[in-house]
Amino acid sequence: MNPGILKIPVHLSHQQAILLFINLISMTPGTFTMDLSADKKYIFVHALILSNEEKIRREIGKLENKILELFD
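Residues numbered from 1 in each chain as written. Predicted model: local features only at pLDDT ≥ 70, side-chain atom pairs only at ≥ 80, totals over all residues. Heavy atoms only, no water.

> Would you take a moment to explain the environment of Ile43 for this structure?
Within the element layout of this structure, Ile43 appears in strand β3 (residues 42-47). C-alpha separation for the pair Ile43 and Ser13, spaced 30 residues apart in sequence, amounts to 13 Å. (Helix = DSSP H or I, 4+ residues; strand = E, 2+ residues; numbered from the N terminus.)

> Sorry, what's going on with the packing of helix α1 (residues 15-27) against helix α2 (residues 53-71) here?
Packed helices, taken two at a time, are described by the angle their axes make and the gap between the axes. One way to put it is that α1 packs onto α2 with a least axis distance of 10 Å and a crossing angle of 150 degrees. When the axis of α1 is compared with that of α2, the two are roughly antiparallel. Pair α1 / α2 crosses with right-handed handedness. Residues Gln16, Ala17, Leu20, Phe21, Leu24 and Ile25 of α1 form the contact with α2, whose participating residues are Ile60, Leu63, Glu64, Ile67 and Phe71. Per-class residue counts for the contact of α1 with α2 are 9 nonpolar, 1 polar and 1 charged. (Axes fitted to C-alpha atoms, helices over the stretch in contact; angles between N-to-C directions. Parallel < 35°, antiparallel > 145°, perpendicular 65-115°, else oblique. Left-handed = near helix turned anticlockwise from the far one by under 90°. Contact = heavy atoms within 4.5 Å. Nonpolar A, V, L, I, M, F, W, Y, C, P; charged D, E, K, R; others polar.)

> I'm lost on the side chain of Glu64 in this one. Help?
Tracing the sequence through the fold places Glu64 in helix α2. For the buried Glu64, which has no salt bridge, the nearest side chain bearing the opposite charge is Arg57, at an N-O separation of 9.7 Å. Beyond its immediate sequence surroundings of up to four residues, Glu64 is in contact with Pro9, Val10, His11, Leu12 and Phe21. (Buried < 20%, exposed > 50% of the residue type's maximum accessible area, 1.4 Å probe, protein only. Lys, Arg positive; Asp, Glu negative; His and termini not counted. Salt bridge = Lys/Arg side-chain N within 4 Å of Asp/Glu carboxyl O.)

Take a look at the structure:
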């Protein structure tokens with residue numbers, strides 16, 4: 001294992017969309033959302049296996065894009 005923490009930018013504006021995003025990340029195996037910045041522009045995600053950081057960022061980005069389609 002190679003655990004680590006990622007700082008992920010958030011492009012969602014609706015509070016419900018951000019909550020859904022955080023919960024879906026935490027339900028993804030091997031990841032857990034640790035915190036949301038006070039300005040709601042970043043989330044901090046703990047990844048259990050951080051061997052391919054770009055892949056994790058892409059997958060989280062895809063998830064956020066699907067939520068953007070629902071709310072915006």
